[in-house]
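# Examination of the molecular architecture
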2 protein chains.
Amino acid sequence: MSDDSILKKFGERVRQLRKARGFSQQSFAATCGLDRTYIGGIERGERNVALRNMEAIAKSLGLSVSELTTGL
Amino acid sequence: MSDDSILKKFGERVRQLRKARGFSQQSFAATCGLDRTYIGGIERGERNVALRNMEAIAKSLGLSVSELTTGL
DNA sequence: ATGTGACTTGAAGTCCGTC
DNA sequence: AGACGGACTTCAAGTCACA
């Protein structure tokens, strides 16, 4: 069970938005103030990201949290 | 800094939506499959809620995660 | 430049209660 | 009905070495 499709969807969305801006995981992680392996884990749907980190990611993408979670 | 205003905003939003539906914290927590003290903590802005629980809360409110995070 | 497993530690989350 | 505390277990956060 443990339906983690929401994590996968969120990861795909982050990856898509990051790429669209021409960031590498590395430079993007730095912008967010997070570790590159952590960002990688998010994009692979392995991390159950919480509000504070979602905000950091959204901010680095120039979006609101609500916009970042569009489709979820 | 450690700006936790996003947690407060999220908590206020949850409280507002829950009340609008006539739920008590207790019955709402049960619907979400979460603990009543945890829901209370969220509404007080003390909890850094992660994606899976946000989804459970959104579902119990009949909303998407994106709709739940409107304003964030 | 990214994937991945393993790891530590601080916070998430539960369960008991009282006010 | 809700705030809040203590004690507890589980998991997210954050980092590392190496593929």
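Residues numbered from 1 in each chain as written. Chains lettered and ligands numbered in written order. Predicted model: local features only at pLDDT ≥ 70, side-chain atom pairs only at ≥ 80, totals over all residues. Heavy atoms only, no water.

- Named according to an unreviewed UniProt entry, chain A is Regulatory protein MunI originating from Geodia barretti.

## Section: the protein's contact with DNA strand D
- The full set close to DNA strand D counts 19 residues, and Tyr-38 of chain A together with Arg-15, Arg-18, Gln-25 and Arg-44 of chain B are the nearest of them.
- Near the protein, within 4 Å, the atoms of DNA strand D are sugar or phosphate in 65% of cases.
- Asn-48 of chain A is positioned with one of its side-chain polar atoms (N or O) 2.9 Å from a phosphate oxygen of DNA strand D.
- A distance of 3.5 Å separates a base nitrogen of DNA strand D from a polar atom in the side chain of Arg-36 of chain B.
- Broken down by secondary-structure element, the contributors of at least two residues to the surface near DNA strand D are α3 (36–43) of chain A together with α1 (5–20), α2 (25–32) and α3 (36–43) of chain B.
- No other element matches α3 of chain A, which puts three residues into the surface near DNA strand D.
- Of the residues in the surface near DNA strand D, the class split is four nonpolar, seven polar and eight charged. (Near = heavy atom within 4 Å. Polar contact = N/O pair within 3.5 Å; in protein donor to acceptor, adjacent residues only side chain to side chain. Helix = DSSP H or I, 4+ residues; strand = E, 2+ residues; numbered from the N terminus. Nonpolar A, V, L, I, M, F, W, Y, C, P; charged D, E, K, R; others polar.)

## Side note on the interface of chain A and chain B
- Tallying the contact residues gives 18 residues for chain A and 18 residues for chain B.
- Our count for the contact surface shared by chain A and chain B stands at zero salt bridges.
- Our count for the contact surface shared by chain A and chain B stands at 10 residue pairs in polar contact (both at pLDDT 80 or more).
- Per element, the largest residue contribution to the side of chain A that touches chain B is four residues, and it comes from helix α4 (residues 51–61) of chain A.
- In terms of residue class, the side of chain A that touches chain B is built from nine nonpolar, six polar and three charged. (Contact = heavy atoms within 4.5 Å. Salt bridge = Lys/Arg side-chain N within 4 Å of Asp/Glu carboxyl O.)

## With respect to the relation of the copies chain A and chain B
- Least-squares fitting of chain A to chain B yields an RMSD of 0.1 Å, with the transformation described by 0.1 Å of translation along the axis and a rotation of 180°. One copy is carried onto the other by what is essentially a two-fold rotation axis. Residues of chain A ranked by C-alpha distance from the rotation axis are headed by Ala-50 of chain A, positioned 1.7 Å from it.
- Mapped onto chain B, 94% of the interface residues of chain A again fall at the interface, so both copies present the same surface. (Least-squares fit on C-alpha atoms with pLDDT ≥ 70 in both.)

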